[in-house]
Amino acid sequence: MTSRALRLGAAVVPILLALTLASALVGLFATGAAAPATLVPASPLVTWGLPVVRALHHLGLLLAIGAGGTAVLLQPGPSRREVTALDPARRATVRLGAVGALLWAVAAVAQIPLSGLEAAGPGSGLNVWDIALGTDLGKLQLSVGIFAALSAAAYALARSTTLACWGLAFGGIGVGALGLAGHAGASLDHTNAVNAMALHLVAVAVWAGGLLVIGLIAPRLEDAQLATTVRRFSPWALAAVVALAVSGILSAVIRLSGWGDLLTTGYGRVVLAKAVGLLVLAGIGAVQRRRLGDRLRFRHLAATEGIVMALVIGASIALGRSAPPVPQEVPAVGDLKLLSLVGYLPPAQEFGPSTMFTVIQPDWIALLLAAAMAALYVTGVVRLTRRGDRWPWHRTLAFVAGCLAFAWVLSGGAAAWGRFRFDAHMVQHMAMMMIAPPLWVLGGPVTLLSRAVAPRTDGSRGIREWVLAALHSRYAQIISSPPLAGLIFAGSLVIFYFSPLFEAAMYSHLGHVLMTVHFLASGYLFAWVLIGVDPSTKPINPILKLITLLVTLAFHAFFGVAMVSATWLIAPDWYHQLGMYTEEQLTLIQVRGGTIMWAISEVPTVGYAIIVAAMWMKSDDRRARQYDRKAERDGGAELEAYNAYLASLQGTGGAQSSVPAAAESAHGPTDEDSAKAAPGDDESVHDVPVHGDSVHGDSVSEESALEGPGRDDGRPSTT
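Because the structure is a prediction, the values reported are computed rather than measured.

K.L.:
Could you give an account of empty space enclosed by the protein, with specific residues and numbers?
P.N.:
Summed over all chains, the structure comprises three cavities of 30 Å³ or more. Computed from the structure, the second largest cavity encloses a volume of approximately 50 Å³. Surrounding the second largest cavity, Phe422, Leu569, Ile570, Tyr575, Leu586, Ile589 and Gln590 form its lining. Per element, the largest residue contribution to the lining of the second largest cavity is three residues, and it comes from helix 27 (residues 583-600). Of the residues in the lining of the second largest cavity, the class split is six nonpolar, one polar and no charged.

Dropping the structure here:
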């Protein structure tokens, strides 16, 4: 590291910031957004101040996400033993993230009065803070500022990668929330516009943020450290490129009336310039991937990539301040009311069992996510197969079926009708909790991850290590208790439907997304505790599983009965504002929704019970085979010791000396016995333990690797 390199690194940020501002101003003039408004002339402070503040906002965001991701996921650690310690190199990166997150928080809050001034107009004398915070955009900006401040605090206080990871998590939430800003929150197609914007911002933060931070810390890294960091960043950059392409195309389709707008309108020309810039960036990234070990080549390519990225971000700022060719604001009157509230019109067909599978309302980001999960899973299976390891085909089938179910839940007929009818929503809700999650759980994704991805040995953590660390955390041990998992599964129904939360989720896309995430997560937790094939944090008694299953799903059914018997409407303001059905029809639809919840809950109950019983019996059979093999090896020594113990009870001496041996034998086969189990016995539903690195060597017996004393539920303990 030379002083010249440090001086160049210090000059990078101001230069890129100036390029971003220049690009934004050019874009504003190109789209006509820089021209003064005729109805309510904007203050010059708004016209020229907002682009500057947003440029600082984006710079802080990129530093916060890029530094956190680089330190937590990319940089090599000091040694194999120091897994969570922040060595000097990673500590400096985390502190850079703290500075960026603080800049992000200040800029996010600074946008609030500027937005209020834009709405009030110059010289109005109104309180711009009250005006801004009275809007959804102002509240959103304040929320983003809070998450950015939490990220800055976590980075500043971090003494380990764990707290730095929390800083990255807070920053990620703030980036996702930004998807509601600008044109996305008021677009015609709310679902796809908001999801596309959120994905777009996350992808930009990962790609541009990682590139910027790696370029800034490169002079401080040794050649081997830099090569490792860039090599680990390359797959993330590739995924970000794909995400940017998909989200950019989707956003352009929503806001442009046709291909001709790319050349005939100022907005379209800026979109075209941005697309060309992204293609150039993708090409530079491909060249960089082939030259991971060349420091000089990385420096030059990274500088070029940073300049192009700054111009692209400036174009994005201009687009956020410009009106697209297709108006996105829809007045909530007449026939347009449904379109303004939901973002799309209800299907022309009548809702029924057949239309649930023939009508499609595509959520393109959800479809992309489902395809990505299935592709990653199949890639892991292929990697194991090429290595000569066995992976049960039924697990692959279950997980892929779960991805298909997830795609149908968010894009099928139930989703098309879910915002308009309570019974359709209930079908969608039940599928979220009781169809897709169990199929995912039966696929054993954590076990596959632990076997298909090589462990790190340098003291750093990748996705594999972070997933396993979360699995072994105290939080996971607490929530993996069957009664608590059942309480979350069933109790959230009462809280969500018998409170204003359901109606809020109908009005707000963010609330709808949070609802989806919660019910998918609670369903996955419940299924993992009961029938999961992935390792658990502690042994779970099968009897406790069955009791939890019966109590929880019985409550689920009774909750459906309560809905059927209810004398009031759930979310009445929402359905009345839609104006599609009369009071009597809404009551009948709610009764149908409660009946669906009551009826559908019975089918998974039987399925869960059968799987729990089968896993219980298989565990007992496996322990019996271990016992028989041990008896064959030692000639029935355990039985002879037990008979001797019984004989000693008839006398006065020797009883005390016989008790320890007999007591030990009463517990069944020991660890040593389990390790000597015949490798040809492959009836176990489990794979090698995820907490060891031996899984990347030769194939081993699943029984000998996983079974241990005291296990009676057929699942491996990771403790």
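K.L.:
Before we move on, could you go through unusual backbone geometry and cite the residues and values that matter?
P.N.:
Most peptide bonds adopt trans geometry, and most residues besides glycine take a negative phi value. In this structure, alanine 571 takes a positive phi of about 55 degrees despite not being glycine. Mapped onto the fold, alanine 571 is located in the loop between helix 25 (542-565) and helix 26 (572-578).

K.L.:
If you had to explain the packing of helix 2 (residues 44-74) against helix 3 (residues 88-120) to someone new, which residues and values would you point to?
P.N.:
Running from N to C, helix 2 and helix 3 cross one another at 155 degrees; their axes reach a closest spacing of 7 Å. Taken together, helix 2 and helix 3 sit at an angle that is classed as roughly antiparallel. Crossing of helix 2 over helix 3 shows left-handed handedness. For the contact of helix 2 with helix 3, the residue count by class is 21 nonpolar, eight polar and three charged.

K.L.:
Tell me about helix 7 (residues 190-217), and name the residues and values.
P.N.:
Taking 1.5 Å of rise per residue, the 28 residues of helix 7 would be expected to cover 40 Å, and the 39 Å separating its terminal C-alpha atoms lies within 8% of that figure. Of all 28 residues in helix 7, 22 are buried, a share of seventy percent or more.

K.L.:
Got a sec to walk through the pattern of salt bridges? Specific residues and values, please.
P.N.:
Tallying each qualifying case throughout the model produces six salt bridges. The partner of arginine 90 in a salt bridge is aspartate 87, and the shortest N-O contact between them spans 2.7 Å. Residue class for arginine 90 comes out buried when judged on its relative accessible area of 1%. Given a relative accessible area of 12%, aspartate 87 falls into the buried group. Ionic pairing is found between arginine 232 and aspartate 458, a salt bridge with its closest N-O pair at 2.9 Å. Of the two residues, arginine 232 is situated in helix 8 (residues 223-255) and aspartate 458 in the loop between helix 19 (445-452) and helix 20 (463-471); the sequence distance between them amounts to 226 residues.

K.L.:
Talk me through a nonpolar patch on the surface; I want residue IDs and the actual numbers.
P.N.:
A cluster of nonpolar side chains, contributed by Val109, Trp129, Leu133, Leu142, Ile146 and Leu150, occupies part of the molecular surface with about 460 Å² of accessible area. The leading source of residues in the nonpolar patch is helix 5 (residues 136-157), at three residues. Along the chain, isoleucine 146 turns up in helix 5. Take isoleucine 146: its relative accessible area is 47%, and that puts it in the partly exposed class.

K.L.:
Go over the packing of aromatic side chains with me, naming the residues and quoting the values.
P.N.:
Under the criterion given, the structure shown has 19 aromatic pairs. Here tyrosine 377 and phenylalanine 399 contribute two aromatic rings whose centre-to-centre distance is 4.3 Å and whose plane-to-plane angle is 10 degrees, an arrangement assigned as stacked. Placement of tyrosine 377 in helix 14 (residues 364-387) and of phenylalanine 399 in helix 15 (residues 393-411) is noted, with a sequence separation of 22 residues between them. Looking at phenylalanine 399, the relative accessible area reads 7%, which means it is buried. Members of the aromatic cluster, each reached through a chain of ring pairs, are Phe422, Phe496, Tyr497, Phe498, Phe502, Phe519, Phe555, Phe559 and Trp568. Sitting over the ring of tryptophan 391, arginine 395 keeps its end group 4.9 Å from the ring centre.

K.L.:
I'd like a rundown of the packing of helix 25 against helix 27, residues and numbers included.
P.N.:
Where helix 25 meets helix 27, the axes come as close as 7 Å, and the angle between the chain directions of the two elements is 170 degrees. It follows from the interaxial angle that helix 25 and helix 27 lie roughly antiparallel. The two elements helix 25 and helix 27 cross, and the hand of that crossing is left-handed. On helix 27, the residues that touch His556, Ala557, Phe559, Gly560, Val561, Met563 and Val564 of helix 25 are Gln590, Val591, Gly594, Thr595, Met597 and Trp598.

K.L.:
Outline the environment of leucine 384, listing residues and values.
P.N.:
With respect to the secondary-structure elements, leucine 384 resides in helix 14. When its relative accessible area of 0% is taken as the criterion, leucine 384 is described as buried. C-alpha separation for the pair leucine 384 and arginine 451, spaced 67 residues apart in sequence, amounts to 7.6 Å. Residues within four places of leucine 384 in sequence aside, it is in contact with Asp389, Trp391, Leu448, Arg451 and Ala452.

K.L.:
Can you explain helix 27? Please cite residues and give values.
P.N.:
An ideal rise of 1.5 Å per residue puts 26 Å on 18 residues; helix 27 measures up with 26 Å between its terminal C-alpha atoms. Every buried residue of helix 27 is accounted for by Leu586, Ile589, Gln590, Gly593, Gly594 and Met597. Viewed end-on, helix 27 has its buried residues packed into an arc of 140 degrees, placing them on one side of the element. Looking at the buried positions of helix 27, the neighbouring elements they touch are helix 17 (422-434), helix 22 (482-497), helix 25 and helix 26.

K.L.:
Describe the confidence of the model for the protein, with residues and values.
P.N.:
For the protein, the mean per-residue pLDDT works out to 79, and 80% of the residues sit at or above 70. Mean pLDDT values over the elements of the protein span from 36, in helix 32 (residues 702-706), up to 95, in helix 15. Scored below 50 in pLDDT, residues 652-719 shows 152 contacts in the model against residues more than four places distant or in partner chains.

K.L.:
Describe the side chain of histidine 200, listing the residues and the values that go with them.
P.N.:
In this structure, histidine 200 sits in helix 7. Here the side chain of histidine 200 touches serine 247 through a polar contact of 2.9 Å, side chain to side chain. Each residue touching histidine 200, except ones within four places of it in the same chain, is listed here: Leu244, Ser247, Gly248 and Lys274.

K.L.:
Explain the environment of arginine 231 to me, and be specific about the residues and the numbers.
P.N.:
Mapped onto the secondary structure, arginine 231 falls in helix 8. Sequence-wise, arginine 231 and leucine 74 are 157 residues apart; in three dimensions their C-alpha atoms are separated by 8.6 Å.

K.L.:
I'd like a rundown of the nonpolar core, residues and numbers included.
P.N.:
Ranked by internal contacts, the top residues of the largest apolar core, which has 74 residues, are Phe422, Tyr497 and Phe502. Beyond its immediate chain neighbours, meaning those up to four positions away, phenylalanine 422 contacts Tyr497, Phe502, Met563, Ile570, Tyr575, Ile589, Gln590, Gly593 and Gly594. Counting residues in each nonpolar core, the second largest holds 60 residues, with Ala105, Ala177, Ala208 and Ile217 among its members.

Procedures and definitions
Residues numbered from 1 in each chain as written. Predicted model: local features only at pLDDT ≥ 70, side-chain atom pairs only at ≥ 80, totals over all residues. Heavy atoms only, no water. 1 Å grid on protein atoms, 1.4 Å probe; cavity = no way out; pocket = protein on both sides within 12 Å on 5 of 7 lines; lining within 4 Å. Points joined across faces, edges and corners; volume = space filled by probe spheres on them. Helix = DSSP H or I, 4+ residues; strand = E, 2+ residues; numbered from the N terminus. Nonpolar A, V, L, I, M, F, W, Y, C, P; charged D, E, K, R; others polar. Axes fitted to C-alpha atoms, helices over the stretch in contact; angles between N-to-C directions. Parallel < 35°, antiparallel > 145°, perpendicular 65-115°, else oblique. Left-handed = near helix turned anticlockwise from the far one by under 90°. Expected span 1.5 Å × (residues − 1). Buried < 20%, exposed > 50% of the residue type's maximum accessible area, 1.4 Å probe, protein only. Salt bridge = Lys/Arg side-chain N within 4 Å of Asp/Glu carboxyl O. Patch = residues over 30% accessible without salt bridge, like charges linked within 9 Å, V, L, I, M, F, W, Y side chains within 5 Å. Areas by Shrake-Rupley, 256 points an atom, 1.4 Å probe, with all protein chains shown as cover. Phe/Tyr/Trp six-rings, centres within 6.5 Å; stacked < 30°, edge-to-face > 60°. Lys NZ or Arg CZ within 6 Å of the ring centre and 35° of its normal. Contact = heavy atoms within 4.5 Å. Arc of directions from axis to C-beta. pLDDT = per-residue confidence, 0-100. Polar contact = N/O pair within 3.5 Å; in protein donor to acceptor, adjacent residues only side chain to side chain. Core = buried A, V, L, I, M, F, W, Y, C linked by side-chain atoms within 4.5 Å.

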